[in-house]
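# Structural overview
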Amino acid sequence: MLRHCPFFVLVVCFGLGIAGQDWLRWPIGVLIFVSLILSLAALVFFRRPEVATVFLLMGFMAGGALYSFSYQKFPAHHIYYRVAPDRRSVVQVQGVVASELRKKEMFRGQKISFELDVRGLKTGDFEGPAAGRILVYCYRDPGCVYGDEVTLSGRLVRPYDFSRNPKFSYRKYLRRRGIYFILNVKKDSFVRVTARHRGHPLRQGMVTLRQRLRDILKDHLSPAEYGVMQAVLIGDRSAIPPALHRIFVQTGTAHVLAISGLHVGIVAGLIVVLLRLLPVPVTGQYLLTMLFLAGYVGVTGARPSVVRAAVMAGVFLSGFLVERETDGLNSLSWAAFLILLLNPNALFDIGFQLSFLSVMTIILFYPSIVRRFFHGAPGKGGKAARLIGRSFAVSFSAWAGVAGLIAYYFDIVTPVTILANLLVVPLMTILVVLGFGLLAAGVIAPPMAHTFVACVRVLLSLLVFGIQAIRRIPGACFFVRVEPFWPILLYYLVLSAFCLVVSRRGTQKGEN
Amino acid sequence: MLSFTRQERLVLLSLSLVLSLGSIAHYFIQRFSPVRRVVCFTEAVSRPPRVDLNGATPEQLRTVPGIGEVLARRIEDYRREHGGFEACADLKKVTGIGPRNYEYLAPFVMIGQQP
């Protein structure tokens, strides 16, 4: 396997370098020295393949550490260096709204949060240009949208950690997104919009389109239905009712609420089918599909799971264009490498870890499970059994890959996931298709939208009824407490060993 | 002679299925309230059930909108110090829950089986 997927090993080493730097925090001098030594060693031993390979892999590891270090270094006028947060003093910040506004109902009124790209700062000691990104909590309506230039006054604080759970640190989570401060803007604070449309034009378009799609869904669906369909179509899970979300979590099917390979695959399939109705040559169809997928990634907020799926789909389609076979593991590695280049801290994002682990175990385990257990008998009965068997194989492979991490992060083990996915995945596939139909009808032919709404309503009720029934199965889920990480590490070491054995047997069978 | 390609047939068949089944479903949902009640199952499940202030675990308390980890801990502390809540209105005595916040939480809590 490793011989045929060298890029996978390189990306793993790159990721280990990023993780190592986060843990060891070596200074820049050490990183540069180590990288140079390893690169020189690879050059010296160039004619000895095994030795050069080892040094190259270690060099990639050092490269990952160096890249991660340099990514997190700020310019001199970054807000991190300009201000010492003090709850008592009021500061004035000028910047551009860099994200959509999120509204949350509180006990008294509402809280609106958004990210701000800082351009200027005024404190008691300093007034002048500044850079960086902060999170703004506004307890009044700021009257701004994405891309507006605003001036706000408030109190600057460091993000706080409410949770006693050491696995989740809100401060670390924001720090990994480059946010070191929160600005609290009270009801009576100064807020002024000084200019409009200062954001990136492409992103502005995506935000506008996203809002338009949200409005179509809100106009036709009930609040709970809107929350679910908004999540599976445009990647915003903020409106899913907590009680409903809990049912999905306790049956291990919460993954269908996050846009990932399933949804991207459906979107790609829909686009290809629709393009085949038009007089577009095959090459053009694949290129347009890749373009639309890139747009879809933008509309859904470019989360790691969506980027991963879109890159893999893009590599797969490119394989058709250049008439080359694609390799799942290499495609996955490309997706991981791209995401880590864009933001090395994505490695620590739970969504990134779950998304890549699940796909990796599907790629590694699924062929062997199918070959061993589900060849099936010829005839219609055999075909149906093979289909169910293959679905089971995918579900089991994915569950095996993420069970350890889910137990560690969320303190829950859901053996019933394997069964639940057999119901949820096909229903969710049809729901996603109907959802896109609803959006299209909402734009092109609004009078037709009620037929799609009725179908969505019936299917969604069926889905929720089904998973609620599955949740009641004894032993469907149980709560665990995994405090140190070593049991999880042991689980993945055993899984990796099993993976190597399975892959070696597969290779031997192929050679025979 | 009119004929459709495989893709065209697939798209037209799917569209006609959605239009016909959707119209039928829409009619029955609008016309018959029992059907509407069955089909609006998602909404019914999404409403959080009332939580027993004296019996709920911290995880169950956190299912109430507005009660996070800190408030759940304070409610548990209050239960331990005072032997439980005699009425839902006693929630106002918990630090961080005043009269106004209590109005917000009242629809989601109960004592025993009584709201």
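Scroll up to find the structure this text is about.
Rules and cut-offs
- The residue numbering used here restarts from 1 in each chain and proceeds along that chain's sequence as written.
- Throughout, the order in which chains and ligands are written sets their labels, letters from A for the former and numbers from 1 for the latter.
- Under the rules for a predicted model, residues below a pLDDT of 70 receive no local features and side-chain atom pairs below 80 are neither given nor counted, while totals for whole chains, interfaces and linings still include all residues.
- The basis for the side-chain values is all heavy atoms of the structure; hydrogens and waters are excluded.
- Note on conventions: DSSP H or I runs of at least 4 residues are helices, E runs of at least 2 residues are strands, and numbering of each starts at the N terminus.
- We take the radius of gyration over the C-alpha atoms and set the globule estimate at 2.2 Å times the residue count to the 0.38 power.
- Three labels apply to residues, based on accessible area from a 1.4 Å probe with only protein chains included: buried if under 20% of the type maximum, exposed if over 50%, partly exposed otherwise in between.
- Any pair of residues with heavy atoms lying within 4.5 Å of one another is described as a contacting pair.
- Residue exposure ignores everything except the shown protein chains as possible cover, and the areas themselves are Shrake-Rupley values with a 1.4 Å probe.
- His is not counted, nor are the chain ends; Lys and Arg add positive charge and Asp and Glu add negative charge.
- By convention, the point assigned to a charge is CZ for Arg, NZ for Lys, CD for Glu and CG for Asp.
- Multiplying 1.5 Å by the helix residue count minus one yields the expected span of that helix.
- The directions from the helix axis to the C-beta atoms form the arc being described.
- Side-chain rings of Phe, Tyr and Trp (the six-membered ring for Trp) are treated as a pair once their centres are within 6.5 Å; stacked means planes under 30 degrees apart, edge-to-face means over 60, and tilted covers the remaining angles.
- Sitting over a ring, as applied to charges here, requires NZ of Lys or CZ of Arg to be within 6 Å of the ring centre and within 35 degrees of the ring normal.
- By buried area we mean how much accessible surface two parts lose on assembly, using a 1.4 Å probe and totalling the loss over both.
- What makes a salt bridge here is a side-chain nitrogen of Lys or Arg within 4 Å of a carboxyl oxygen of Asp or Glu, nothing more.
- Two N or O atoms count as a polar contact when they lie within 3.5 Å, although within protein this holds only if one can serve as hydrogen donor and the other as acceptor, and sequence-adjacent residues are included solely when both atoms are side-chain atoms.
- Axes here mean lines fitted to C-alpha atoms, for a helix over just the part in contact, with angles spanning 0 to 180 degrees between N-to-C directions.
- Should an angle fall under 35 degrees it is taken as roughly parallel, and over 145 as roughly antiparallel, whereas 65 to 115 is taken as roughly perpendicular and any remaining angle as oblique.
- Should the near helix be turned anticlockwise from the far one by less than a right angle, the crossing is left-handed, and should it be turned clockwise, the crossing is right-handed.
- Under the scheme applied, nonpolar residues are Ala, Val, Leu, Ile, Met, Phe, Trp, Tyr, Cys and Pro; charged residues are Asp, Glu, Lys and Arg; polar residues are all the others, including Gly.
- Buried residues of nine kinds, namely Ala, Val, Leu, Ile, Met, Phe, Trp, Tyr and Cys, make up a nonpolar core once their side-chain atoms join them within 4.5 Å.

When helices and strands are counted, chain A shows 17 helices and ten strands. Computed over the C-alpha atoms, the radius of gyration of chain A is 25 Å, within 12% of the 24 Å expected from 2.2 N^0.38 for a compact globule of 512 residues. Taken over the C-alpha atoms alone, chain A extends approximately 80 × 70 × 55 Å along its principal axes. Considering chain A as a whole, with its 512 residues, one finds that 47% of them fall into the buried category. Sequence-distant contacts, at least 24 apart, represent 73% of the contacts inside chain A between residues at least 6 apart. With an accessible surface of roughly 26,400 Å², chain A has 65% of that area assigned to carbon and sulfur atoms. Considering chain A, the positive charge centre built from 55 side chains and the negative charge centre built from 25 side chains are found 5 Å apart.

All names here are of chain A. Here helix α2 (residues 28-44) spans 24 Å end to end across 17 residues, near enough to the 24 Å set by a 1.5 Å rise per residue. Every buried residue of α2 is accounted for by L31, S35, L38, A41 and A42. For α2, the angular spread of the buried residues around the axis is 130°, confining them to a single face. Of the exposed residues in α2, those oriented more than 90 degrees away from the buried face are F33, L36, L40, L43 and V44. Contacts made by the buried residues of α2 are with α1 (6-24) and α3 (49-71).

The next subject is the packing of aromatic side chains. All names here are of chain A. Tallied over the full model, the rule gives 28 aromatic pairs over all chains. Ring centres 5.7 Å apart and planes at 15° place the aromatic pair F45 and F55 in the stacked group. A residue pair is termed long-range when its members are at least 10 positions apart, and F45 in the loop between α2 and α3 and F55 in helix α3 qualify at ten residues. By relative accessible area, which is 22% here, F55 ends up partly exposed. Aromatic pair F396 and W399: ring centres 6.3 Å apart, planes at 40°, arrangement tilted. Placement of both F396 and W399 in helix α14 (residues 380-410) is noted, with a separation of three residues, approximately one turn of the helix. Overall, F396 belongs to the partly exposed group, its relative accessible area being 31%. We note K186 situated over the ring of Y139; from NZ or CZ to the ring centre the distance is 5.1 Å.

To continue, consider the interface of chain B and chain A. Tallying the contact residues gives 31 residues for chain B and 34 residues for chain A. For the chain B and chain A pair, buried surface summed over both sides reaches about 2,800 Å², with 71% attributable to carbon and sulfur atoms. Looking only at chain B, the three residues that lose the most surface to chain A are V18, F41 and T42 of chain B, adding up to 18% of its buried area. For the pair chain B and chain A, the interface holds zero salt bridges. At the junction of chain B and chain A, the tally comes to three residue pairs in polar contact (both at pLDDT 80 or more).

Right, let's talk about the packing of helix α9 (residues 261-275) of chain A against helix α10 (residues 282-299) of chain A for a bit. Residues and elements named next belong to chain A. Two elements in contact, α9 and α10, have axes separated by 10 Å at closest approach and are oriented at 140°. If you check the angle between α9 and α10, you find them oblique. Considering how the two elements wind past one another, α9 and α10 form a crossing that is right-handed. Of the residues in α10, those touching α9 at H263, V264, V267, A268, I271, V272 and L275 are Q285, L288, T289, F292, L293 and Y296. Of the residues in the contact of α9 with α10, the class split is ten nonpolar, three polar and no charged.

On to the pattern of salt bridges, then. Residue and element names in this part refer to chain A. Applying the stated criterion across every chain yields a total of 16 salt bridges over all chains. For E100, the salt bridge identified is with R214, shortest N-O distance 3.0 Å. Within this pair, whereas E100 is found in the loop between β1 (90-97) and β2 (102-105), its partner R214 is found in helix α6 (residues 201-220), the two being separated by 114 residues in sequence. Like R214, E100 is buried.

Right, let's talk about the nonpolar core for a bit. Residue and element names in this part refer to chain A. Formed by 56 residues in total, the largest nonpolar core has its most connected members in V264, F352 and F356. Contributions of two or more residues to this core are made by α1, α9, α10, α11 (304-322), α12 (328-342), α13 (350-373), α14 and α17 (486-511). When residues of this core are assigned to their parent elements, the largest contribution, ten residues, is made by α13. Those residues in contact with V264, other than ones at most four positions away along the chain, are I259, L293, Y296, V306, A309, A310 and A313. Within the second largest apolar cluster, 41 residues are counted, among which are L221, I266, C455 and L460.

So, on to unusual backbone geometry. Residues and elements named next belong to chain A. A positive phi is found at A302, a non-glycine position, where the angle reads about 55°. Mapped onto the elements, A302 comes out in the loop between α10 and α11. A relative accessible area of 42% places A302 in the partly exposed class. Positive phi is not limited to glycine here, since D411 has a value of about 60°. Residue class for D411 comes out buried when judged on its relative accessible area of 11%.

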